[in-house]
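# Fold and contact review
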There are 2 protein chains.
Amino acid sequence: MPSSTAVNKDLQAERDKCTFNNEEFTLWWVGGETKLKEKRFREDFFLNDPELEEKVPLHFLSHKEVYEESVRKATVAFKKVRTLHDGVDNYSALLGGLLGTGILKQGNPLTVHYVMFLPALLGHGTPEQQAEWFGRAWNCEVIGTYAQTELGHGTFLRGLETTATYDERTQEFVLHSPTLTAYKWWPGGLAHTANYCVVMAQLYSKGKCHGIQPFIVQLRDEETHMPLKGITIGEIGNKLGMNGVNNGFLGFDQVRIPRKNMLMKNAKLLEDGTFVKPPSQALTYGTMMFVRVVICRDMAAYLSKAVTIAVRYSAVRRQSHINPDQPEVQVIDHLTQQYKLFPAIAKAIIFKLTSDNLWEMYNAVTSELDKGDLERLPELHAIACCLKAITTADAATGVEVCRMACGGHGYMTCANFYGTYGMVTAACTYEGENTVLLLQTARYLLKAWHQAQRGQELVPTVQYLARFLASSNRRIEWDDSVAGIVRALQTVAAGKLRLAAENIAKRQKAGATMEEATNQTSIELARTADSHCRAFLVQSGYEMIEKSCESLSPEVARVLRTIYQLYAYDEALKAVGDLLRFTTISESDINRLQAKLEVSLAELRPNAVGIVDSFDIPDGVLGSPLGAYDGNVYERLYEEAKKSPLNQEPVNQSFHMYLKPFMKSSL
Amino acid sequence: MPSSTAVNKDLQAERDKCTFNNEEFTLWWVGGETKLKEKRFREDFFLNDPELEEKVPLHFLSHKEVYEESVRKATVAFKKVRTLHDGVDNYSALLGGLLGTGILKQGNPLTVHYVMFLPALLGHGTPEQQAEWFGRAWNCEVIGTYAQTELGHGTFLRGLETTATYDERTQEFVLHSPTLTAYKWWPGGLAHTANYCVVMAQLYSKGKCHGIQPFIVQLRDEETHMPLKGITIGEIGNKLGMNGVNNGFLGFDQVRIPRKNMLMKNAKLLEDGTFVKPPSQALTYGTMMFVRVVICRDMAAYLSKAVTIAVRYSAVRRQSHINPDQPEVQVIDHLTQQYKLFPAIAKAIIFKLTSDNLWEMYNAVTSELDKGDLERLPELHAIACCLKAITTADAATGVEVCRMACGGHGYMTCANFYGTYGMVTAACTYEGENTVLLLQTARYLLKAWHQAQRGQELVPTVQYLARFLASSNRRIEWDDSVAGIVRALQTVAAGKLRLAAENIAKRQKAGATMEEATNQTSIELARTADSHCRAFLVQSGYEMIEKSCESLSPEVARVLRTIYQLYAYDEALKAVGDLLRFTTISESDINRLQAKLEVSLAELRPNAVGIVDSFDIPDGVLGSPLGAYDGNVYERLYEEAKKSPLNQEPVNQSFHMYLKPFMKSSL
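Residues numbered from 1 in each chain as written. Chains lettered and ligands numbered in written order. Predicted model: local features only at pLDDT ≥ 70, side-chain atom pairs only at ≥ 80, totals over all residues. Heavy atoms only, no water.

### Things to note about the packing of helix α11 (residues 377-405) of chain A against helix α13 (residues 417-426) of chain A
Residues and elements named next belong to chain A. Operational definition: Axes here refer to lines fitted to C-alpha atoms; in helices the fit is confined to the stretch in contact. Angles between the N-to-C directions go from 0 to 180 degrees. The helix count covers DSSP runs of H or I at least four residues long, the strand count covers runs of E at least two residues long, and both are numbered beginning at the N terminus. Any angle that falls under 35 degrees is termed roughly parallel, while one over 145 is termed roughly antiparallel, one within 65 to 115 roughly perpendicular, and all others oblique. Whether two residues are in contact is decided by their heavy atoms, any of which lying within 4.5 Å being enough. Lys, Arg, Asp and Glu make up the charged group, whereas Ala, Val, Leu, Ile, Met, Phe, Trp, Tyr, Cys and Pro make up the nonpolar group; the residues left over, Gly among them, are polar.
Relative orientation of the contacting elements α11 and α13 amounts to 170°, with a least axis distance of 9 Å. Classified by the angle their axes make, α11 and α13 are roughly antiparallel. Contacts between α11 and α13 involve Thr392, Ala395, Ala396, Val399, Glu400, Cys402 and Arg403 on the former and, on the latter, Phe417, Thr420, Tyr421, Val424 and Thr425. Grouping the amino acids of the contact of α11 with α13 by side-chain chemistry returns seven nonpolar, three polar and two charged.

### Considerations on the packing of aromatic side chains
Rules: Pairing of aromatic rings covers Phe, Tyr and Trp, the last through its six-membered ring, and needs centres within 6.5 Å; plane angles under 30 degrees mean stacked, over 60 mean edge-to-face, and all others mean tilted. Think of it in three bands: residues with accessible area under 20% of the maximum for their type are buried, residues over 50% are exposed, and the middle band is partly exposed, with areas taken using a 1.4 Å probe on protein chains only. Either the NZ atom of lysine or the CZ atom of arginine qualifies as a charge over a ring when it sits within 6 Å of the ring centre and within 35 degrees of the ring normal.
Under the defined criterion, the tally for this structure stands at 52 aromatic pairs over all chains. Seen in terms of ring centroids, tyrosine 183 of chain A and phenylalanine 249 of chain A are 6.4 Å apart; in terms of plane orientation they differ by 35°. Their pairing is tilted. Remark: phenylalanine 249 of chain A occurs in strand β8 (residues 248-252) and tyrosine 183 of chain A occurs in the loop between β3 (172-176) and β4 (184-185); sequence separation between them is 66 residues. Residue phenylalanine 249 of chain A is classed as buried on the basis of its relative accessible area of 3%. Cluster of aromatic residues (ring-pair linked, three or more members): Phe20, Phe25, Trp28, Trp29 and Phe615 of chain A. In this structure, arginine 15 of chain B is placed above the aromatic ring of tyrosine 629 of chain B, and the distance from its NZ or CZ to the ring centre is 3.6 Å. Sitting over the face of the ring of tryptophan 29 of chain B, lysine 352 of chain B holds its NZ or CZ atom 5.1 Å from the ring centroid.

### Some thoughts on the sheet that holds β8 of chain A
All names here are of chain A. For clarity, the threshold we go by: Strands were regarded as paired on the criterion that DSSP finds at least two bridges between them.
Read across the open sheet, the three strands follow the order β4-β8-β7; overall the sheet is antiparallel. The sheet terminates laterally at β4 and β7 (231-235), the two strands that pair on one side only. With five bridges joining them, β7 and β8 adopt antiparallel strand pairing. Opposite glycine 234, over in β8, you have phenylalanine 249 as the bridge partner.

### Brief notes about the nonpolar core
Using the following cut-off: Nine residue types can take part in a nonpolar core, namely buried Ala, Val, Leu, Ile, Met, Phe, Trp, Tyr and Cys, and a core is a set of them joined through side-chain atoms within 4.5 Å.
Judged by nonpolar contacts, the single largest core of 405 residues is most densely connected at Phe25 and Ile349 of chain A together with Phe25 and Ile349 of chain B. Discounting chain neighbours no more than four positions away, the residues touching phenylalanine 25 of chain B are Phe20, Ile349, Val556, Val559, Leu560, Ile611, Ser614 and Phe615 of chain B.

### Quick word on the environment of histidine 321 of chain A
Worth spelling out the cut-off: Identification of polar contacts relies on pairs of N or O atoms within 3.5 Å, with a donor-acceptor requirement for protein atoms, meaning one able to donate a hydrogen and the other able to accept it, and with residues adjacent in sequence counted only if both atoms are side-chain atoms.
With respect to the helices, strands and loops of the structure, histidine 321 of chain A is situated in the loop between α9 (285-316) and α10 (335-368). Take histidine 321 of chain A: its relative accessible area is 25%, and that puts it in the partly exposed class. Expressed as a C-alpha distance, the spacing of histidine 321 of chain A and valine 331 of chain A, which sit ten residues apart in the sequence, is 9.7 Å. Setting aside its immediate chain neighbours within four residues, histidine 321 of chain A contacts Gln326, Pro327 and Glu328 of chain A together with Phe156 and Arg158 of chain B. Within the local environment of histidine 321 of chain A, its side chain forms a polar contact with the backbone oxygen of glutamine 326 of chain A, the two atoms lying 2.7 Å apart.

### Re the confidence of the model for chain A
Defined as follows: Each residue carries a pLDDT score, the predictor's confidence in it, ranging from 0 to 100.
Overall, the predicted model of chain A reaches an average pLDDT of 94, with 97% of residues at or above 70. Scoring of the predicted complex yields 0.97 for pTM and 0.96 for ipTM.

### Topic: the relation of the copies chain B and chain A
Under the convention used in this document: To superpose the copies, least squares is applied to the C-alpha atoms of every residue with a pLDDT of at least 70 in both.
Take chain B, turn it by 180°, move it 0.0 Å along the axis, and it overlays chain A with an RMSD of 0.0 Å. Here the copies are linked by what is in effect a two-fold axis. It is glycine 577 of chain B whose C-alpha, among those of chain B, lies nearest the rotation axis, at 1.5 Å. Of all interface residues in chain B, 100% are interface residues in chain A too; the two copies therefore contact each other through one and the same surface.

### Points about unusual backbone geometry
For cysteine 140 of chain A, which is not glycine, the phi torsion reads 65° and is therefore positive. Inspection of the secondary structure puts cysteine 140 of chain A in the loop between α8 (127-138) and β1 (144-147). Of note, methionine 242 of chain B is a non-glycine position whose phi angle comes to about 60°, a positive value. Take methionine 242 of chain B: it is sitting in the loop between β7 (231-235) and β8 (248-252). Judged by relative accessible area, which is 18%, methionine 242 of chain B ranks as buried.

This is the structure we're talking about:
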């Protein structure tokens, strides 16, 4: 069958009817002319390099081959970055963003070196230590990783078991894994890539534990790469995704390192074994905020990728009649399909804007407060926790909904939903497990609740609690404008918070400790944080888009306003049980809201392909026969199938080895 | 580190406090002494055969190796079945059930031969055709598959493009794929395993199309296995799961087969090309019902497997304090963890009982109605459609919740959640895509609604519509007993159905065709079918368990009653928005319901391990270091890691090939 290079005619018809200028949308989405130019240069520079092409798709390779191919590509890609002037931006594009996973589909074994080992040297090393290590590490003369999580402990840091015991006689630390569960487990690049490592261990000196401190440990010989004495090292095995990342384990059997290998920018250990506390608790909010902002933006990026694939496919695929005398319709014309895809478009946009919003808030707060008075940081930390939890959870669900909306073809690995899901669902667990994070936010909200009850002034993201307490009506007047929906969802969060606080108090009265009472109320607390976060997201989407619209054409503005409306109606309808409890919403209001949601789906329908086109994700990054710009879905699926190693010979050896003897054995 | 064979002490403590007799529960769950004995014999017979052992875990192999190993194991396993007396039961255990996926983790390339090719011969072949084909196929002298779905068409059968054109001169059919989208796509075993195929194609004779008919086509030479002339054949590539199944594609270029190869039990084509319609529309309800009952039961089995792993792991894993002065707690003591896992236990049990229930209903109806009056079959078909949709969707979500409840370790392929998810999520798409099925149920409900409005008698599963119409109150009195919850959920379904019917009528009045109006109302219709199904599941769980309890000890009965209570409370709380709309439930009722849910979680807590133990799933089927009976989670994770081919040598070749040159290149 000849493969056509022309654009599929249904997809072309969608583009012809788009009501806005794609390039304008893209410029807004990417952040201006310069950024767009840089982005396209970068994509061209990396995606069109034959050395970075995929000879055989990774999903046909063995686990070992996937790692080896990932090392090959990572080194090629970073060598290329070195040739560019503006190194930093290009590094980050290759490390976290969509471009990176376009090239390194199963992740990058050098990522942790760049995003954790180097920052750990800067964040924890003294100037002398940085002078010794940073230059060599930056030039990749040594490759490092960062080992914190252990086989038996992740979330609960105080439980880590690895010890670093100071020996005053030799002025060395002895690193040791007292149990199997003390083995470091998970660090990226640890298994066979890195030769150095920042190890977090319990510091013991003069028989006393001084808590978790960072140590630089050499793992492998710099020339031969052989593991050093006392080091047990290897990889943890195959995972749902990221099999190029080379996650490893690491055990210590009395490994000695010099005293200078403890990173001492903050806490110090003197030669005589005296422990010196850091002058103040290290301000780690910045890093944590940054990581969560990045996760939130990555979720937007992955979701935009999944929904681009699903929307284009749904415009090309035809299935079933609506009216029996007419041809089969594009599946995107089925209302249920629109309801699967268009909210995912809205989420991708709103998650990205909210990550921008959060970062702006953080920078505004820290620059205002030069005096060291960082009182708003706990507030931002609380909102960042729940945003990480909700955006990762919703993006994971969204990617799966997009996949299933593509029917059987979505189940193919080459469709690239599954790889995307592997990346997204991992983020539900790492950097703070989602339930744990929701409960952190809830604990902050409980404090704010008690402040509000005492009439204390509240920081902006929780000011709605004061309004709630001031209102004589426990149920707020329903108003189906987007601003009204924000107020309603805030009222829901406040109402749930009140109930949770009451239940905790009740349980304490009945004899439970504060902690037991909190655990007994944790289902409600997690839900409260969820509501708080969703109210914030709807508000943030609304405000960020309205701000954008000031400098956009009426056509693009119109589309974006429909986006936040759809998002708000969808969130409100999903929370209708809560709204019935805490607002005056009536049966007819609900039906009206459902109708408004359906109107916004209908409004987006002619522009759906136009919007995903405007996300400007090149085919090389989408990596999916279902989602390519030309819409030649079936030809491309067939091309992908032909790449299978099983299709390189007409008869597989298993016929002669197993099948034929079996078929003849009954004769 | 020495690997202990003793049972983990936390897990042992759980077993010690179980309040009921495990063996009694297991006997009930499996269906009696004989079945349990057979099951355990079968597990021992297959799982302890060294020829069926996994040398290297499949997830370390390449795509091609996975297929080859699957063919090897499938032939070994079926040879073993032949040595047993009671062939049929043992076949089915190896084809669909948990035992099968314990041995063939990525599915079985011979399954479609047994579950579709053989039944197609029986269902569509004349006695002469069966005499010619069935014996050879049963003995596996020929291996067949069943090809219906095409690259461009799945759900909408009338759209299939493959043609079988009768040539009167030679009395042959000419099979042809007029386009690329006409290629058959997906059949299991088609790619490199089968040499014959039942092909569904549009029959043309005398220039007229007579719709889809089945044809037997030889694909490969019986001796050499080479594809025959005019046949383009291969595999479709790597998938999210089931990579041992060998899903294939198939194109025809004017392939001629004799007239006798059309399967003519139903429709016929005479020598002169005259088409003879079947005497009556084939009664395919039986097969469809059976398949959906099996899917529903499989979902229960997969969910029971996932939750067994997660519950045992949660009893072994310790994380964080509840009270700061006490040791870290088992994660199963965190209420949020219980709320993730225990509803999954309840679903596994209730889905299995409901599949039994449905099959009993079907058999009762068909045996009663020997006279050919099968008026209740559409009703059962409607309930089977939505049950397939809801049980697959909920099981998929449940498996992922169990996986994420195991944190990072759940992300490992060896944990076996991901393999289970691959099996379960596939069922959301095959045998009727879930949204399509919900809309089929909804169409049935609309008919029933109109019957109810006309005062006609209603069949049992929709009799609640009459009660709803007869009631003067639109909101039913809330009653939080399980029977009350069933009535409330039925009222919800009826209320939503009324709204949907009204909206369709309104849209028709506004000028839409019936079909357009239905599409415009399809979000609501799908939700209506969802509510109908959930009411049925709560009722079915309640009734089936109450029936069981008549012959169970008070201890087991007590546990099972807590199970249906938890299930009912959970479903009710998830539908609280609906309940507020269609019942008199109040704010204090909701809080009371939440408290009841938490009480049922607390009641199940001491028996959680006891219940999953009683599911009696052997380690060989669980296939997970996190879920093994002995609870030696960490030792087993380490053993699994050591199996990685990357861990067989201290330095991977990629260091010398790529990494070292890269590290030295900056010097």
